[in-house]
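# Architecture at a glance
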Amino acid sequence: MAPTSPAEASPVDRTASPTTSFASRVAAETPETLRKLYRDMLFVRRFEERTAQSYQQAKIGGYCHLNLGEEATVVGLGAAMRPTDYLFTNYREHGYALAKGIPPGRVMAELYGRATGTSKGWGGSMHMYDTATRLLGGYAIVGGQLPLAVGAALAIDYRGGDEVVVCQMGEGTTNIGAFHESLNLAALWHLPIVFLVVNNYTGMGTTVEKSSAEPDLWKRAAAYRMRGERVDGTDVLAVRDTARELIDAARRDGTPALLEAVSHRLKGHSVVDPARYRTEEAVSAARSHDPIDRWQRTLLETGVLDEDSATALESAVAAEVAAAVEFADTSPHPEPSSLFDYTYASPVPGDSRRLPADPLFTA
């Protein structure tokens, strides 16, 4: 395959000059599609709100990061991927687990640390994993998923498969060495991978402008002659269509790409972060760009939803979230005897399985 030319790889900011208007793109979709996208975004929102409540009730331990405000990006990406495509994420991954098709009860059970969870209760919020749906992990180490995602893309290329790897990350990840190494190898070897940067304006507590010499993150693709795009992360159709275009190109030609989705994080970095570093203007801007409110208004204005159907949908989502919580609440905790089951991938001679209260020697 011939190397991509700089002209072919020139970045595009679709938030600045969309090819078609929002209204016309909505009109081109079927009512069923529009309602499903809204339902999926609403479900992620209500699931995450219930997660925050469970955390405050001490039913969820450890760290916990929510997708509040990023639902359009989460759902748009899920709609763009095939079930056979692989997804690697960072630790803000509950919504992506749902979008990838993992049953909500199993996601909530993992948050609760129960044996029925996606990682059998040992992973928790930051370590969702499910081979069946090809969610190959949430990663707590910033950027830890990038080299692994490139390795998966290399395996696909080596085997001649038609799957694509999507590697999601936050904007803070773009400043670490693994980001540049991963993009370089992906471009050099023409691997079927799309890197998704979710830019919610504040990496933990620092704005992009104060942490990145080049705050337009989509432009970084040009350094590797890779296609780069920026999209409005609060527009579920824009995310879906742009991500699908890049994924299809990676599948067809082995051309990797970098997609920056710009959205607003509605809460702090984690559940326990009060986000006092945010100005009132920043908080107001985030609320004014709420993707759930925007999509509901659009569907009501276009007649795709009315007040009664919107209320019915809200009730159905609430019931499904409650069922997920009930499943998690009634699921068993992992047995202490299983603590070392996954320490090694295969049996190791002399592997100690002594629990803290066990004696060193037995008579």
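Here the structure is a predicted model, which means the values were calculated and not measured. (Residues numbered from 1 in each chain as written. Predicted model: local features only at pLDDT ≥ 70, side-chain atom pairs only at ≥ 80, totals over all residues. Heavy atoms only, no water.)

A few words now on the packing of aromatic side chains. According to the stated counting rule, one finds two aromatic pairs in the structure shown. Here the aromatic rings of Phe 43 and Phe 47 are separated by 6.1 Å at their centres, their planes lie at 35 degrees, and the arrangement is tilted. Of this pair, Phe 43 and Phe 47 both sit in helix H2 (residues 31–56), four residues apart, which is roughly one turn of the helix. One exposure class covers both Phe 43 and Phe 47, and it is buried. Centroid distance Phe 88 to Tyr 139: 6.3 Å. Interplanar angle 20 degrees. Geometry classified as stacked. Residue Phe 88 is located in strand S2 (residues 86–90), and its partner Tyr 139 is located in strand S3 (residues 135–139); the two are separated by 51 residues in the primary sequence. A relative accessible area of 4% places Phe 88 in the buried class. (Phe/Tyr/Trp six-rings, centres within 6.5 Å; stacked < 30°, edge-to-face > 60°. Helix = DSSP H or I, 4+ residues; strand = E, 2+ residues; numbered from the N terminus. Buried < 20%, exposed > 50% of the residue type's maximum accessible area, 1.4 Å probe, protein only.)

Here the focus is the nonpolar core. Of all hydrophobic cores here, the largest spans 62 residues; its most connected members are Tyr 38, Phe 47, Leu 77, Met 108, Val 236 and Trp 295. For this core, the leading source of residues is H2, giving 10 residues. In contact with Phe 47, not counting residues within four places along its chain, are His 94, Leu 98, Pro 104, Val 107, Met 108, Leu 111, Val 321 and Ala 324. Residues Ile 156, Leu 183, Val 208 and Leu 258 belong to the second largest nonpolar core, which totals 27 residues. (Core = buried A, V, L, I, M, F, W, Y, C linked by side-chain atoms within 4.5 Å. Contact = heavy atoms within 4.5 Å.)

Right, let's talk about the packing of H2 against helix H5 (residues 104–111) for a bit. Packing of H2 against H5 brings their axes to within 12 Å, and their N-to-C directions diverge by 25 degrees. With respect to each other, H2 and H5 are oriented roughly parallel. Of the two possible hands of crossing, H2 and H5 adopt the one that is right-handed. The segment H2 lies against H5, with Phe 43, Phe 47 and Thr 51 engaging Pro 104, Val 107, Met 108 and Leu 111. A breakdown of the residues in the contact of H2 with H5 according to their chemical character gives six nonpolar, one polar and no charged. (Axes fitted to C-alpha atoms, helices over the stretch in contact; angles between N-to-C directions. Parallel < 35°, antiparallel > 145°, perpendicular 65-115°, else oblique. Left-handed = near helix turned anticlockwise from the far one by under 90°. Nonpolar A, V, L, I, M, F, W, Y, C, P; charged D, E, K, R; others polar.)

Next up on the list: the packing of H2 against helix H9 (residues 236–253). Two elements in contact, H2 and H9, have axes separated by 11 Å at closest approach and are oriented at 100 degrees. Relative to H9, the element H2 is oriented roughly perpendicular. Contact residues: H2 offers Thr 33, Leu 37 and Met 41, while H9 offers Val 236, Leu 237 and Arg 240. Considered class by class, the residues forming the contact of H2 with H9 number four nonpolar, one polar and one charged.

Among the secondary structure elements, Ser 212 is positioned in the loop between helix H8 (208–211) and strand S8 (227–232). For Ser 212, a relative accessible area of 7% gives the class buried. A polar atom in the side chain of Ser 212 sits 3.5 Å from the side chain of Arg 220. The contact partners of Ser 212, leaving out residues within four places of it in the chain, are Asn 175, Leu 217 and Arg 220. (Polar contact = N/O pair within 3.5 Å; in protein donor to acceptor, adjacent residues only side chain to side chain.)

Take the pattern of salt bridges next. This structure, assessed with the given rule, holds 25 salt bridges. Each of Lys 36, Arg 39, Asp 40 and Glu 320 takes part in a single network of salt bridges with overlapping partners. (Salt bridge = Lys/Arg side-chain N within 4 Å of Asp/Glu carboxyl O.)

Before going further, it helps to spend a moment on the UniProt feature "domain: Dehydrogenase E1 component" (unreviewed entry) in the protein chain. The residues that UniProt annotates with the feature "domain: Dehydrogenase E1 component" (unreviewed entry) are residues 40–336. The distance from the first to the last C-alpha atom of residues 40–336 is 36 Å, and the span holds 45% helix and 13% strand. (UniProt positions renumbered as here; feature names shortened; annotations may be inferred.)

On to a nonpolar patch on the surface, then. Together, Trp 122, Leu 339 and Tyr 342 make up an exposed nonpolar region whose accessible area comes to about 340 Å². Position of Tyr 342 among the secondary structure elements: in the segment after helix H12 (307–330). (Patch = residues over 30% accessible without salt bridge, like charges linked within 9 Å, V, L, I, M, F, W, Y side chains within 5 Å. Areas by Shrake-Rupley, 256 points an atom, 1.4 Å probe, with all protein chains shown as cover.)

The next subject is unusual backbone geometry. Of note, Arg 134 is a non-glycine position whose phi angle comes to about 65 degrees, a positive value. Take Arg 134: its relative accessible area is 22%, and that puts it in the partly exposed class. Located in the positive-phi region is Tyr 201, a residue other than glycine, with phi close to 80 degrees. Looking at the element boundaries, Tyr 201 is found in the loop between strand S5 (193–199) and strand S6 (202–203).

Below, the discussion takes up the environment of Asp 216. With respect to the helices and strands, the residue Asp 216 is situated in the loop between H8 and S8. Excluding residues that lie within four positions of it along the chain, Asp 216 makes contacts with Arg 230 and Glu 260. A distance of 3.0 Å separates the side chain of Asp 216 from the side chain of Arg 230, its partner in a polar contact.

On any regular strand, side chains alternate: one points to one face of the sheet, the next to the other face. Counting buried positions along S5 gives seven out of seven residues, so the element sits mostly inside the fold. By the bridge criterion, six bridges tie strand S4 (residues 165–170) to S5 in an arrangement that is parallel. If you follow Met 169 over to S5, its bridge partner there is Val 197. Between the parallel pair S4 and S5, the chain is carried across by helix H7 (residues 177–188), and the sense of this crossover is right-handed. (Pairing = 2+ DSSP bridges. Right-handed = clockwise from strand over helix to strand, strands pointing away.)

Attention shifts here to the environment of Thr 343. If you trace the backbone, Thr 343 turns up in the segment after H12. With relative accessibility at 45%, the residue Thr 343 sits in the partly exposed group. Residues Thr 343 and Arg 353, spaced 10 residues apart in sequence, show a C-alpha to C-alpha distance of 9.9 Å. Reaching out from Thr 343, the side chain makes a polar contact with the backbone oxygen of Phe 340 at a distance of 3.3 Å.

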